[in-house]
Amino acid sequence: MENMQEEILEYLEKIIEEEKQLARRGEIPDYIEAVDNNDHGAVTVSLTSTNGTTVRAGDYEGRFSLQSIAKLFPLAIALMDHGSEEVFKYTGKAPTGNVYHSLIQMEMQEKEKPLNPLVNSGAIVMCGLMKGKDAEEKIERILSLARKMTGNPDLSYNEEVYKAEDQDLNRALFYYNRHNGFIEGEFEDTLPVYWKMTAIEVTIEELSNMAAVIANHGICVHSGEELMPSDVVTTLKAFMITCGMYDQSGSFALEVGIPAKSGVSGSIVAAIPGKLGIGVMGPDLNKYSNSIAGIRMLKKISDKWKLSIFSKD
Ligand code: GLN
């Protein structure tokens, strides 16, 4: 077992080293660069197995915001609050063909629903749908789940990142969905929940702990507590593989084959059912808004240990 861990660590250190050798290749969104993550060279990876062992490498001490990875929380909570039949009255199940904050595709959907719960419009609608008397109560519910999944009882959001998240496009998505009857109330009841959850800050190990809960069908690998029912996790994984990497989801499924969700901080959470949770982080993004280093590392990890959920073994 220890030999195995050493072997894994050696491989992770090798792929981190390879990333460090590569020149900067992509962009960091301006507002993230300004307030959250301004180190283009930072790369890190962490693996947490479903038996609770973690191996990490690279710049693992840094904290970064979850960004769109946080969209998994209101989806999970809305499913637990209302069940899937009700939830899918408010959002579709289709992958996007546009950027994550697109308005245009909703116009072409049945009843103009958001395309899926992992694009901004769908996630904002889920923040509206989950139970809670106001934004404060809702973000506390999200933080409570996030604290249990990451194993950090003090987990919180970064105030500066939260403020920088207040962007007009997301306000437009809120009003568009309210116009169509998918959200009720004032924007103060919903949008601060969305902005704050995307600003939740984690370490790479906390991210792989979170991934391990998904890999472990909703049961915390450390405490043994059931944090969400397995059918909710099944829905999360299905959306991760079909929509989690935005317009790169198809090629990512083919080349890496692991349910995953990316965020514009350059982080990606990935879960191999029954086996392993993975967190990767590298701030430079490709044209799909996914981490360049993160995808490359996930591909290497998937190839090395044959982890694609679509492969034979
Ligand atoms: N903060 C981002 C937004 O809502 C989150 C998007 C992302 O990580 N893709 O615009």
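This one's a predicted model, so the numbers in the text were calculated from it and none came from an experiment.

**Q** For this particular structure, what's the right way to read the overall build of the protein chain?
**A** Across its full length, the protein chain holds 13 helices and seven strands. A globule of 313 residues ought to have a C-alpha radius of gyration of about 20 Å, and the protein chain, at 18 Å, matches this closely. With the C-alpha coordinates of the protein chain rotated into their principal frame, the extents come out at 55 × 40 × 40 Å. Relative to its 313 residues, the protein chain shows a buried fraction of 53%. In the protein chain, 68% of the contacts between residues at least 6 apart in sequence involve partners at least 24 apart.

**Q** What should I look at first to understand the pairing of strand β6 (residues 267–272) in this one?
**A** Here is the key point about a regular strand: its side chains alternate between the two faces of the sheet. The element β6 is largely enclosed, with a buried count of six among its six residues. With burial as the criterion, each face of β6 is covered, one bearing S267, V269 and A271 and the other bearing I268, A270 and I272. Here strand β5 (residues 260–262) hands over to β6 after four residues, with G266 in that stretch at a positive phi of 95 degrees. Relative to strand β7 (residues 276–281), β6 is paired through six bridges, and the arrangement is antiparallel. Bridge pairing in β7 places V269 opposite G279. The hairpin formed by β6 and β7 contains three residues between the paired strands, and G274 there has a positive phi angle of roughly 80 degrees.

**Q** I'm lost on the sheet that holds strand β2 (residues 54–58) in this one. Help?
**A** Picture the strands of a sheet paired through backbone hydrogen bonds; they go either parallel or antiparallel. Taken in spatial order, the five strands line up as β2-β1-β7-β6-β5 in an open sheet, and their pairing is antiparallel. The sheet terminates laterally at β2 and β5, the two strands that pair on one side only. Neighbour-to-neighbour, the strand axes of this sheet turn through a mean angle of 10 degrees, independent of strand direction. Across the sheet, helix α13 (residues 292–304) lies against β1 (44–49), β5, β6 and β7, angled at about 145 degrees from β7, the strand it touches most.

**Q** Sorry if this is basic, but what is going on with the environment of M80 here?
**A** Following the sequence through the fold, M80 ends up in helix α3 (residues 72–82). With near-sequence residues (within four places) excluded, M80 lies in contact with M228 and V232.

**Q** Quick question: what am I supposed to make of the UniProt feature "binding site: substrate" (unreviewed entry) in the protein chain here?
**A** Under the UniProt annotation, "binding site: substrate" (unreviewed entry) lies at S68, N120, E165, N170, Y194, Y246 and V264. Locating N120 in the fold gives a position in helix α5 (residues 120–129). Ignoring any residue separated from it by four or fewer positions in sequence, one finds N120 in contact with Y100, H101, N170 and L173. As for its placement among the helices and strands, Y246 is situated in the loop between α11 (230–243) and α12 (249–255).

**Q** I'm lost on the site of the ligand in this one. Help?
**A** Taken together, Q67, S68, Y100, H101, N120, E165, N170, T198, G263, V264 and S289 make up the full set of residues adjacent to the ligand. For the shell around the ligand, the residue count by class is two nonpolar, eight polar and one charged. Viewed by domain, the shell around the ligand spans two of them, domain 1 (2–67 + 200–304) and domain 2 (83–197), each represented by three or more residues.

**Q** In this structure, what is going on with the pairing of β2? I would like to understand it.
**A** Where burial is concerned, most of β2 is hidden: five out of the five residues are buried. Between β1 and the antiparallel strand that follows it, β2, lie four residues; G52 among them carries a positive phi value of about 95 degrees.

**Q** What exactly am I supposed to notice about the nonpolar core here?
**A** Inside soluble globular proteins, nonpolar side chains tend to come together where they are buried. Of all hydrophobic cores here, the largest spans 99 residues; its most connected members are A76, A211 and L298. Element by element, the count of residues in this core is highest for helix α10 (residues 204–215), at eight residues. Looking at this core, you find at least three residues from each of domain 1 (2–67 + 200–304) and domain 2 (83–197).

The rules behind the values
Residues numbered from 1 in each chain as written. Predicted model: local features only at pLDDT ≥ 70, side-chain atom pairs only at ≥ 80, totals over all residues. Helix = DSSP H or I, 4+ residues; strand = E, 2+ residues; numbered from the N terminus. Rg over C-alpha atoms; globule rule 2.2 N^0.38 Å. Buried ≥ 20, exposed ≤ 12 C-beta atoms within 10 Å, placed from the backbone. Contact = placed C-beta atoms within 7 Å. Pairing = 2+ DSSP bridges. Axes fitted to C-alpha atoms, helices over the stretch in contact; angles between N-to-C directions. UniProt positions renumbered as here; feature names shortened; annotations may be inferred. Near = placed C-beta within 6 Å. Nonpolar A, V, L, I, M, F, W, Y, C, P; charged D, E, K, R; others polar. Domains from an automatic or database assignment. Core = buried A, V, L, I, M, F, W, Y, C linked by C-beta atoms within 7 Å.

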